[in-house]
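Single-letter residue listing:
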Number of protein chains: 2
Amino acid sequence: MASSSSSHIDLSGPTFVVLTGASQGIGRAISIELSKVLGPKSLMLLLARSKDELAKTADQCKQDNVTTVYESMDLSKASAKDMFDVISRALKGRKVTDFATAMIFHNVGSLGNLAVPTERMEDVDEMRQYYDLNVFNVIKLNTQFLKVFKEVEERIVIVNITSLCAIKAMSGMASYCTGKAAREMYFKVLAEEKKHIKVLNYSPGPVETSMIDYVLAETVNTNLRDVFLSFKMQGTLLKPEVTAKKCLTVLQQGKFGPGDHVDYFDSE
Amino acid sequence: MASSSSSHIDLSGPTFVVLTGASQGIGRAISIELSKVLGPKSLMLLLARSKDELAKTADQCKQDNVTTVYESMDLSKASAKDMFDVISRALKGRKVTDFATAMIFHNVGSLGNLAVPTERMEDVDEMRQYYDLNVFNVIKLNTQFLKVFKEVEERIVIVNITSLCAIKAMSGMASYCTGKAAREMYFKVLAEEKKHIKVLNYSPGPVETSMIDYVLAETVNTNLRDVFLSFKMQGTLLKPEVTAKKCLTVLQQGKFGPGDHVDYFDSE
């Protein structure tokens, strides 16, 4: 899906990074891999609910070039001001112009209630809650990031962690598929409007995270259960660090057009 | 996009139809065109907020074969029970097995607040309201329809009025694009799970409706304004009845796979 436009993203300078869902799985892996490649005087802000797990991620991000901070934040409920403030605080008095690159990784996500069959979905409150975390507050946080770095908009890089489910229907995953479709589309529209901002929709492939066991425990859809069981049995699940490295390679090579959906399995 | 699977949808028998957003534009046009082709003892239920405009639509649907009823309903707020009941009432004591085909057209839709630039979207309440009407309650209504016709699931035909914006980002239309993407994806997941139910995502093309003037009056995006102005100036907008007829042709020819996105401009 990568289009022909190309511009390398240089992470060797001072880089500011926000990562959501950094307490586990893919978010943790991207944080760790990033910390290894960022240039001197870089800053990383890790966000998630669990402070304890964020601390563990931060501990694995200790590098001479990088200062890592983290804050516990429930991204389904935080106000726009809370979000703006947490990003501003992380700058630690430095100016936005001090950074060669300003990145945000929207990795936070959930699977929704897998116990309700698609054809019986009718709980609007539940849908709202799902979208609050997975779509609406992702947009709200992204807007705060854009506001903080407004002065240096051309230095912004946005990575949305998406899924094959954003573009391909999967049985038993209506909330996840629709939420990912909406979220990816928001970033595509933004990219269409702001061509000087680099926007990537990265689809990490099937990764060995707690989501897999959650699906197996919760789903009422036998087809979905079979698909995930076969992932597990055949050992085809990717390690988080493998797809995290690929994501950084895609960014550094810059072989994606505005808002492109790039999958782990796409050829380079 | 039409896939190879094909099965004609026969509307010449007694057919039950629910149409939302039937008070104007494409919804009205589909209602009128449908009333001309439905077989004897058919029933149509028209839904929208404006009773007066629904009455006008119903007046244009007077055909010997068809009884048309309408009810004022705010589909952004109606409860699941209200929705179930309005469909049940429309059966007028007849059994669901009396109908050869049971169709629902999800045409209701809005454009959202076009005065907020994409990069400044942050009002979660506004996003919720948009999704309530355009996504969440569409799903809820569809579930009620599936419940009412549960006994004859294989006779169900579902048409979601979608848009090119569901699959292609358009500047200045973040709410519309994301909502259409999510909504279309729900129907694709449902179709993936329920292959015996016919599900079509029909994209009507740029149609001469009040939406066009709304965009021109409200948008803060100059690119979007230019696109819509050129539609208007060049006379390329479709008449509602033209795209309504095409939608029925697609259905009757049945040349679409489960959940396929079929556009007015796709070749037959």
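To start, this report covers the structure provided alongside it. (Residues numbered from 1 in each chain as written. Chains lettered and ligands numbered in written order. Predicted model: local features only at pLDDT ≥ 70, side-chain atom pairs only at ≥ 80, totals over all residues. Heavy atoms only, no water.)

### Concerning the relation of the copies chain A and chain B
In step 1: By a simple turn and slide, chain A fits onto chain B: the slide is 0.0 Å along the axis, the RMSD is 0.0 Å, and the turn is 180°. Taken together, these values place the two copies in the relation of a two-fold axis. If distances are taken from each C-alpha of chain A to the rotation axis, the shortest is found for Ala182(A), at 2.5 Å.
In step 2: The share of interface residues of chain A whose copies in chain B are also at the interface is 100%, consistent with both copies meeting through the same surface. (Least-squares fit on C-alpha atoms with pLDDT ≥ 70 in both. Contact = heavy atoms within 4.5 Å.)

### Structural notes on the sheet that holds strand S6 (residues 198-203) of chain A
Residues and elements named next belong to chain A.
In step 1: The seven strands lie next to each other as S3-S2-S1-S4-S5-S6-S7, forming an open sheet whose pairing is parallel. Lying at the two open borders of the sheet, with one neighbouring strand each, are strand S3 (66-72) and strand S7 (261-263). Between one strand and the next, the sheet's axes are offset by a mean angle of 20°, whatever the strand orientation.
In step 2: Taken together, the five bridges between strand S1 (residues 15-20) and strand S4 (residues 101-106) define a ladder with parallel strand orientation. Bridge pairing in S4 places Val-18 opposite Ile-104.
In step 3: Helix H3 (residues 80-90) rests against S1, strand S2 (42-48) and S3 of the sheet, and its axis sits at about 150° to S2.
In step 4: Together, S4, strand S5 (156-161), S6 and S7 form the strand contacts of helix H8 (residues 240-253), whose direction differs from that of S6 by roughly 150°. (Pairing = 2+ DSSP bridges. Helix = DSSP H or I, 4+ residues; strand = E, 2+ residues; numbered from the N terminus. Axes fitted to C-alpha atoms, helices over the stretch in contact; angles between N-to-C directions.)

### Structural notes on the interface of chain A and chain B
In step 1: Residue-level contacts link 44 residues of chain A with 44 residues of chain B.
In step 2: Between chain A and chain B lies a buried interface of about 3,700 Å² when both sides are counted; carbon and sulfur atoms form 65% of it.
In step 3: The interface formed by chain A and chain B holds six salt bridges in total.
In step 4: With a shortest N-O distance of 2.9 Å, Lys147(B) and Glu122(A) are connected by a salt bridge.
In step 5: Sort the elements by how many residues they give to the side of chain A that touches chain B and helix H4 (residues 124-148) of chain A lands first, with 14 residues.
In step 6: Classifying every residue of the side of chain A that touches chain B by side-chain character gives 23 nonpolar, eight polar and 13 charged. (Buried area = accessible area lost by both parts, 1.4 Å probe. Salt bridge = Lys/Arg side-chain N within 4 Å of Asp/Glu carboxyl O. Nonpolar A, V, L, I, M, F, W, Y, C, P; charged D, E, K, R; others polar.)

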